[in-house]
Amino acid sequence: MAKFFSRTLHKRRSIIEEMITDQMRADWDRRAAEDAYFYVAFAERKQTREAFLATAAENLGIFEADLARLPAGEKRALEVGCGPGRLMLPMSRHFTEIHGVDISGEMVKLARENLADVPHAHVQQTEGSDLRMFSANLFDFVYSYAVFQHIPSREVVLSYLREIARVLKPGGISCVQLRGAAPLPSEITSQPPTWTGCYFNWDDVRTFVQAQALQLVWIRGLDTQYMVMTVRKPDPSEGPGRTGPCVIGAVTPASGQDATVPQTGRGSAVALWLDNVHPGLSLLDLQVKFNGQAGFPCYVSPRMGEAGYQVNALLPKGIASGIANVEVLVRNTPASSPGKIEVTPTPTLQPAIVAFADGLDLVSRKIRSGAMKVTIDNLDNPKDVRFHVDGQRVSAAEFVCVDPLVPSYQFAFELPRLAAGAHTLTTRIGTADLPPVQIEIEKMAK
C-alpha cells in the first residue's frame, strides 16, 4: 500500500511539473515574440542587438571570477536558460565547447542567430526540468543567471540543480543565481508566477549542497533577489588530503585596504589564509569564531600557491570593538593556533540615495512607466521612509533589501499622475530629509 501511495504521489508531482514547464514555455515564447531583449535584460524596450548584447558586461564578472578554479586546457561549459545568447556569446571565448539550453523555442532561435559566428557554441531546447540530452560528468563549468528566479516551482528548480550536479565533471564548477528573497507584494499581484518565481534561503542552500555531496565554495547576495552560489563537484582522485589541524597563516581585512575591520558595513569581513587543508574544502566544513561568537564563512578560494587558501568570513552581529581572537575549525578540528584581528567601531554614515531608475526600464533615469525604483544606503529602518514628488505623497512604497551588510534597500512605487518634464523627488526618513533629487518624466504617467 505504501508503494502504491508513493507511486501515486510521484506521478501527481510529475504531472504538476509538466504543467508548470508547459506554462513556462508558453509564457517565455510569448515574451520572446513580444520583446525578447527587454524581458531578458530588463532594460530599454526594443533595444538594438548591439545594445542588448552590451548589457552582458555587468554580469560576466560573476562567472569569470570562478574560472580560475578550473584546470588549464580544453574545457566544456553549459548555460541553463541561455535565452537569446546574451551571456553565451562573451563566455564562449573561455571554452573550446559551449552549450546552452532554454525551455523557449523562440529564445533558442534567437540564440542560434546571435551565435551563428561561434562554431563551438551549440543551443538546444529543453523539454522539461532535466538535462537528459547530456551524459553525466560532461561539463567543466555550468552556469545560470536570472533564470531560476522566474520558475514558480521550487521542485522544478531543485530538479535542474540536481541535473547540473549530475552533468558536472569531478572537480567541475557550477555558478548559479537564485532568488534569495521573496518578491514584492505588487509583483505577486501584477505578474504571473512564471515571472515572480520562487525563492530559497540559507537553510535551503545548505540542505541541497549536503544532499548532493557538493562543496560550497562561494555564497553571495544572501537574503537578496540576486543570491549566487558556487559549488564544486568532489574529485575522488584528490585523495584524503593532509592530516593534522589546519594552520592559520594570517588574518587580514577582506577588503585588503586597512589593517583593521569595522564592526558592521560592507567591509565587515576578514580574509583567513589557511594551509594544511584538503583541496575539496567546503564552506560547510568550516566554523569561524570571533571571541567565541560565530561568524559566517562565505568564500573559499582555489589554492593560491604558497599562501594556501583564502577563506572570507563575515563578522558576527554585535561583535565588540577591540582585538578579537579568531578561531577556525575544519570539520570540528581546531586550527593549530588562533589568529587575531582588530575590530574598530563602525563610522557613522548617513542614509543616502545612491541610485534611482524607471520602475521597468532599470537602466533609464528617465521615468517612462509611471513607476520608480530608488536605492538608499545606510538605512536602519526602511519602514521610516516616505517619498513625495512635487509635494504630493507617494503611497504604498514597497522595499526589498539589496545588501544587508550596508544595509541597502531598494524601494518601488507608483508615481502620482504627472505631466512630462522635470519634477522633484523628496525623501523623508523619520523627521530628517535627504537632499532632493531631480527626475524627468518622459511622458504622462499612467
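This text follows the structure it describes.
Residues numbered from 1 in each chain as written. Predicted model: local features only at pLDDT ≥ 70, side-chain atom pairs only at ≥ 80, totals over all residues. Heavy atoms only, no water.

K.L.:
How should the overall build of the protein be read in this particular structure?
P.N.:
Across its full length, the protein carries nine helices and 27 strands. Relative to the 2.2 N^0.38 estimate, which gives 22 Å for 446 residues, the radius of gyration of the protein is 24 Å and therefore close to what a compact globule would have. C-alpha extents for the protein along the principal axes are approximately 70 × 55 × 55 Å. In the protein, the 46 positive side-chain charges and the 48 negative ones have mean positions that sit 4 Å from each other. (Helix = DSSP H or I, 4+ residues; strand = E, 2+ residues; numbered from the N terminus. Rg over C-alpha atoms; globule rule 2.2 N^0.38 Å. Lys, Arg positive; Asp, Glu negative; His and termini not counted. Charge placed at Lys NZ, Arg CZ, Asp CG, Glu CD.)

K.L.:
What is the right way to look at unusual backbone geometry in this model?
P.N.:
Of all residues except glycine, most have a negative phi; of all peptide bonds, most are trans. The linkage connecting Val406 with the following residue, Pro407, adopts the cis geometry, with an omega of -5 degrees. Tracing the chain through its elements places Pro407 in the loop between β23 (398-403) and β24 (408-414). For Arg331, which is not glycine, the phi dihedral falls at a positive 50 degrees. Take Arg331: it is sitting in the loop between β15 (322-330) and β16 (333-334).

K.L.:
Explanation requested: the pattern of salt bridges in the structure shown.
P.N.:
For side chains bearing opposite charge, pairing can occur when the charged atoms are close. Evaluation of the coordinates by the stated rule reveals 20 salt bridges. The partner of Arg93 in a salt bridge is Glu64, and the shortest N-O contact between them spans 2.9 Å. Of this pair, Arg93 sits in the loop between α4 (88-91) and β2 (97-102) while Glu64 sits in helix α3 (residues 57-64), and the two are 29 residues apart along the sequence. Using a relative accessible area of 56% as the deciding quantity, one classes Arg93 as exposed. Between Asp285 and Arg331 there is a salt bridge whose closest N-O contact spans 3.3 Å. Placement of the pair is Asp285 in the loop between β10 (269-275) and β11 (286-290) and Arg331 in the loop between β15 and β16, with a sequence separation of 46 residues. One connected set of salt bridges, linked through shared partners, spans Arg30, Glu34 and Arg45. (Salt bridge = Lys/Arg side-chain N within 4 Å of Asp/Glu carboxyl O. Buried < 20%, exposed > 50% of the residue type's maximum accessible area, 1.4 Å probe, protein only.)

K.L.:
It is not clear to me how the packing of aromatic side chains should be interpreted in this structure. Could you clarify?
P.N.:
For any two aromatic rings, the description comes down to two numbers: the centre-to-centre distance and the angle of the planes. Considering all chains together, one arrives at 17 aromatic pairs under this definition. A centroid spacing of 6.0 Å and a plane angle of 75 degrees characterise the contact between Tyr39 and Trp195, whose relative ring orientation is edge-to-face. Remark: Trp195 occurs in helix α8 (residues 193-196) and Tyr39 occurs in helix α1 (residues 2-41); sequence separation between them is 156 residues. An identical accessibility class is assigned to Tyr39 and Trp195; each is buried. A ring pair is formed by Phe148 and Tyr160, whose centres lie 5.8 Å apart and whose planes are at 35 degrees; its orientation type is tilted. Separated by twelve residues along the polypeptide, Phe148 in the loop between β4 (139-144) and α6 (154-167) and Tyr160 in helix α6 bring together distant segments of the chain. Classification of Phe148 as buried rests on a relative accessible area of 1%. (Phe/Tyr/Trp six-rings, centres within 6.5 Å; stacked < 30°, edge-to-face > 60°.)

K.L.:
What is the right way to look at the sheet that holds strand β20 (residues 371-377) in this model?
P.N.:
The strand order across the open sheet formed by four strands is β18-β20-β24-β23, and the pairing between neighbours is antiparallel. Each having just a single partner strand, β18 (352-358) and β23 make up the two edges of the open sheet. On average, each strand axis in the sheet is tilted by 25 degrees relative to the strand beside it, whichever way the strands run. Relative to β24, β20 runs antiparallel, the two being bridged by seven bridges. Opposite Met372, over in β24, you have Phe413 as the bridge partner. (Pairing = 2+ DSSP bridges. Axes fitted to C-alpha atoms, helices over the stretch in contact; angles between N-to-C directions.)

K.L.:
Is there a simple way to think about the pairing of β20 in this case?
P.N.:
Within β20, seven of the seven residues are buried, leaving the element largely enclosed by the surrounding structure. Burial along β20 is two-sided: the face carrying Ala371, Lys373, Thr375 and Asp377 and the face carrying Met372, Val374 and Ile376 are both buried.

K.L.:
Looking at this structure, how should I read the environment of Arg86?
P.N.:
Tracing the backbone shows Arg86 in the loop between β1 (76-80) and α4. Note on Arg86: relative accessible area 7%, which makes it buried. Sequence separation between Arg86 and Ala41 is 45 residues; the distance between their C-alpha atoms is 8.6 Å. The contacts of Arg86, once residues within four sequence positions are left out, are Val40, Ala41, Phe52, Leu53, Thr55, Ala56, Asn59 and Tyr145. Among the polar contacts made by the side chain of Arg86, one reaches the main-chain carbonyl oxygen of Thr55 at a distance of 3.2 Å. (Contact = heavy atoms within 4.5 Å. Polar contact = N/O pair within 3.5 Å; in protein donor to acceptor, adjacent residues only side chain to side chain.)

K.L.:
Looking at this model, I keep getting lost on α3. Mind explaining?
P.N.:
Every α-helix winds through 3.6 residues per turn, so residues three or four apart in the chain are directed the same way. Those residues of α3 not exposed but buried are Asn59, Leu60, Ile62 and Phe63. Down the axis of α3, the smallest arc covering the buried residues is 150 degrees, so these residues share one side. Among the exposed residues of α3, those pointing more than 90 degrees away from its buried face are Ala57 and Glu58. Structurally, α3 contributes buried residues whose contacts are with α4, β4, β5 (168-178), β6 (215-220) and β7 (227-232). (Arc of directions from axis to C-beta.)

K.L.:
What should I look at first to understand helix α9 (residues 202-211) in this one?
P.N.:
By the burial criterion, the buried members of α9 are Trp202, Val205, Phe208 and Val209. Angularly, the buried residues of α9 cover 135 degrees about the axis, an arc narrow enough to put them on a single face. α9 presents Gln210 and Ala211 as exposed residues on the side facing more than 90 degrees away from its buried surface. Where α9 starts, the residue carrying a side-chain oxygen 3.1 Å from the main-chain nitrogen of Asp203 turns out to be Asn201. Positioned one or two residues after α9, Ala213 has a phi angle of 55 degrees, which is positive.

K.L.:
I'm lost on the state of the cysteines in this one. Help?
P.N.:
Each disulfide is one covalent bond, formed between the sulfur atoms of two cysteines. According to the stated counting rule, one finds zero disulfides in the structure shown. Cys175 supplies the cysteine sulfur nearest to Cys82, a cysteine that is in no disulfide, at a spacing of 17 Å. Residue classification places Cys82 among the buried residues on the basis of a relative accessible area of 3%. The closest cysteine sulfur to the non-disulfide-bonded Cys198 is located on Cys175, 18 Å from its own sulfur. (Disulfide = S-S within 2.5 Å.)

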